[in-house]
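Descriptive structure summary
Below are the chains, spelled out letter by letter.
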Amino acid sequence: MAHYQAMGSIPPKRHTQHRRPAKRGQVGELYSEELMGEEGFSSDSSLLYHRNIPSAVAEYRVWNVGDLSTTPNHPLLPLHLKPHDLFPAKVVKDTDVVTGRRLLLGNGDVRLSYAVAGAPSPWYRNGIGDECVYVERGRARVETVFGSFEVGEGDYVVIPRATTHRWIPKQSAKDPLRTICIEASSHIAPPKRYLSKYGQFLEHSPYCERDLRVPQGPLLAEDVGEDPDAYTEVYIKHRAGGPASSGGIVGTVHVVPFHPLDVVGWDGCLYPYVFNVSDYEPITGRIHQPPPAHQVFEGWNFVICNFVPRKVDYHPLAIPVPYYHSNVDSDEVMFYVDGDYEARKGSGIAKGSISLHPGGHAHGPQPGAAEASIGKESFDELAVMVDTFRPLEIGEGGRACDDGVYAGSWNRHRA
């Protein structure tokens with residue numbers, strides 16, 4: 001995110017002395033300057049100033065990240081997943097957004113998990129790639145070394161690789177924190193076609209800098225009522241040698257001899273941010289607009305789109321629902337968040353459903369949906385879509401919540 005931000009206490013010149021306030025005439029101790037940067041000093045970065053040495057590790061142990069195995073979608077079928085079934089109410093209060101994730105679908109480029117959480121997460125960083133966590137329902141406070149966010153329904157929380165953070169749900173029996181977690185093996189950013197060569201959002205972009213929320217900070221341990229010298233566990237997801245079925249993804253817990261919230265200031269162009277789907281301005285036309293018109297983010301070999309309430313096609317002969325299409329180069333995942341999704345009526349798809357339409361299979365509206373859509377002036381629907389350019393395999397969570405009948409939902413026999 002190449003928009004410069006500066007927060008807290010930083011020196012006038014980078015890579016120069018920055019010290020704690022002096023005590024009784026003594027020279028203050030140097031803060032530890034950390035460069036957090038992408039692509040080996042060749043892309044966006046930020047400089048963080050720590051009270052402690054960020055490399056310090058007092059203890060370590062293995063973190064069992066759970067079952068991340070995947071199985072091929074073979075025989076090839078479209079799937080309807082019901083992730084709400086994975087988290088009965090009795091387990092939610094003890095589940096957190098980090099360790100409680102259930103893997104639905106994944107490949108070497110991106111993994112899609114679902115979590116319903118009532119408990120605070122441990123401190124965590126993803127050492128593999130960026131994360132984009134969409135908040136389906138509920139509210140939470142997200143605390144990071146850059147600062148904090150208050151997040152809620154409809155928020156995309158974009159967290160750069162290796163950012164130490166934690167999730168603290170706001171307690172609600174009616175609306176627990178429900179999240180779809182998109183974990184990349186790369187970085188996640190706005191589509192390049194929305195940006196100038198210097199990184200500014202262009203006029204045709206469906207959102208812009210004003211719509212992004214940056215961290216509120218700096219945030220220190222004492223600001224959240226915790227001991228700055230407390231030994232703290234930080235859960236790290238990373239790669240190592242291992243079975244190909246799990247992508248070699250493993251976990252480690254580092255016990256650090258201080259509280260992670262020790263950054264007195266930072267500046268740069270790399271930091272977490274939040275974008276709410278309600279601030280997305282849909283692109284519409286006289287005839288049906290294809291999914292790239294709904295794109296919000298991109299990663300390596302995948303894109304993220306959202307379908308929001310909008311006016312629909314206004315050509316006098318328009319058919320507002322999508323035509324049948326074979327995405328020969330991609331698998332399509334649709335997470336049906338809210339509203340009434342016109343194209344899927346009669347399929348069993350409902351709020352909270354996730355569909356997988358794999359490459360090699362033509363998919364489109366359910367029988368009768370095209371005719372029923374004619375004359376509609378608007379759609380009241382909200383969905384998040386992930387398209388991948390390598391086939392998705394099915395994770396343990398996906399296997400556990402597949403309805404098993406969706407592939408037959410287009411069958412209709414003519415008299």
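Above this text is the structure in question.
Residues numbered from 1 in each chain as written. Predicted model: local features only at pLDDT ≥ 70, side-chain atom pairs only at ≥ 80, totals over all residues. Heavy atoms only, no water.

When helices and strands are tallied, the chain shows three helices and 28 strands. Radius of gyration (C-alpha) of the chain: 23 Å, near the 22 Å computed for a compact globule of 415 residues. Projected onto its principal axes, the C-alpha positions of the chain cover 95 × 45 × 40 Å. The 415 residues of the chain split such that 53% are buried. Across the chain, every contact between residues at least 6 apart in sequence was considered, and the portion connecting residues at least 24 apart equals 75%. With an accessible surface of roughly 19300 Å², the chain has 52% of that area assigned to carbon and sulfur atoms. (Helix = DSSP H or I, 4+ residues; strand = E, 2+ residues; numbered from the N terminus. Rg over C-alpha atoms; globule rule 2.2 N^0.38 Å. Buried < 20%, exposed > 50% of the residue type's maximum accessible area, 1.4 Å probe, protein only. Contact = heavy atoms within 4.5 Å. Areas by Shrake-Rupley, 256 points an atom, 1.4 Å probe, with all protein chains shown as cover.)

Moving on: the sheet that holds strand E16 (residues 212-213). Read across the open sheet, the nine strands follow the order E5-E28-E7-E8-E15-E10-E13-E20-E16; overall the sheet is antiparallel. Since the sheet does not close on itself, it has two edges, and those belong to strand E5 (70-71) and E16, each with one partner. Across four bridges, the pairing between strand E13 (residues 155-159) and strand E20 (residues 273-276) is antiparallel. When the bridges of E20 are listed, Val157 appears paired with Val274. (Pairing = 2+ DSSP bridges.)

A sheet is described by the order of its strands in space; here six strands give the open sequence E6-E25-E24-E27-E22-E21, paired in antiparallel fashion. Whereas interior strands pair on both sides, the edge strands pair on one side only; in this sheet they are strand E6 (79-81) and strand E21 (295-299). Put simply, the sheet's adjacent strands are angled 15° from each other on average, direction ignored. Both strand E24 (residues 331-339) and strand E25 (residues 354-357) contribute to a ladder of four bridges, which runs antiparallel. Note on E25: the bridge partner recorded for Phe335 is Ile354. (Axes fitted to C-alpha atoms, helices over the stretch in contact; angles between N-to-C directions.)

This part takes up the nonpolar core. Leu104, Leu105, Tyr134, Tyr156, Tyr207, Phe297 and Ile304 are the most contacted members of the largest nonpolar core, which totals 43 residues. Sorting elements by how many residues they give to this core places strand E8 (residues 110-117) first, with four residues. By size, the runner-up hydrophobic cluster in this structure holds 24 residues, among which are Leu68, Ile159, Tyr235 and Ile249. (Core = buried A, V, L, I, M, F, W, Y, C linked by side-chain atoms within 4.5 Å.)

Oppositely charged side chains may form a pair once their charged atoms are brought near each other. According to the stated counting rule, one finds 22 salt bridges in the structure shown. Between Lys170 and Glu150 there is a salt bridge; the shortest N-O distance is 3.4 Å. You can see Lys170 sitting in the loop between strand E14 (165-169) and strand E15 (177-184) and its partner Glu150 sitting in strand E12 (residues 147-151), a full 20 residues away along the chain. Two residues, Glu226 and Arg166, come together in a salt bridge whose shortest N-O distance is 2.9 Å. Of this pair, Glu226 sits in the loop between E16 and strand E17 (232-239) while Arg166 is found in strand E14, placing the two residues 60 residues apart along the sequence. Overall, the relative accessible area of 10% leaves Arg166 in the buried class. Salt bridges here are not isolated pairs; linked through shared partners, they connect Arg141, Glu143, Glu150, Arg166, Lys170 and Glu226. (Salt bridge = Lys/Arg side-chain N within 4 Å of Asp/Glu carboxyl O.)

For any pair of aromatic rings, the description consists of the separation of the ring centres together with the inter-plane angle of the planes. Per the counting criterion, the structure on display carries 16 aromatic pairs. One aromatic cluster in this structure is built from Tyr134, Tyr156, Tyr194, Phe201, Tyr207, Tyr273, Phe275, Tyr280 and Phe297. (Phe/Tyr/Trp six-rings, centres within 6.5 Å; stacked < 30°, edge-to-face > 60°.)

Most peptide bonds adopt trans geometry, and most residues besides glycine take a negative phi value. Put simply, His74 and Pro75 share a cis peptide bond, and its omega is 5°. Note that Pro75 resides in the loop between E5 and E6. In this structure, Pro218 follows Gly217 across a cis peptide bond, with omega equal to 5°. In this fold, Pro218 is placed in the loop between E16 and E17.

Next up on the list: the side chain of Arg101. Its place among the elements puts Arg101 in the loop between helix H1 (89-92) and strand E7 (102-106). By relative accessible area, which is 12% here, Arg101 ends up buried. Engagement of the side chain of Arg101 in a polar contact is seen with the backbone oxygen of Val97, the distance being 2.7 Å. Not counting residues within four places of it along the chain, the set of residues in contact with Arg101 comprises Asp96, Ser113, Tyr114, Ala115, Tyr124, Glu131, Val133, Cys181, Glu183 and Lys237. (Polar contact = N/O pair within 3.5 Å; in protein donor to acceptor, adjacent residues only side chain to side chain.)

As for its position among the elements, Asn126 is in strand E9 (residues 123-126). Once residues lying within four places of it in the same chain are set aside, the contact partners of Asn126 are Glu131, Arg161, Ala162, Glu183 and Lys237.

A few words on the environment of Val158. Relative to the helices and strands, Val158 is located in strand E13. Residue Val158 is classed as buried on the basis of its relative accessible area of 2%. Separated by 107 residues in sequence, Val158 and Gly265 have C-alpha atoms that sit 20 Å apart. Those residues in contact with Val158 that lie beyond four places of it in its chain are Glu131, Cys132, Ile188, Pro272, Tyr273 and Phe297.

That is the geometry; function is a separate question.
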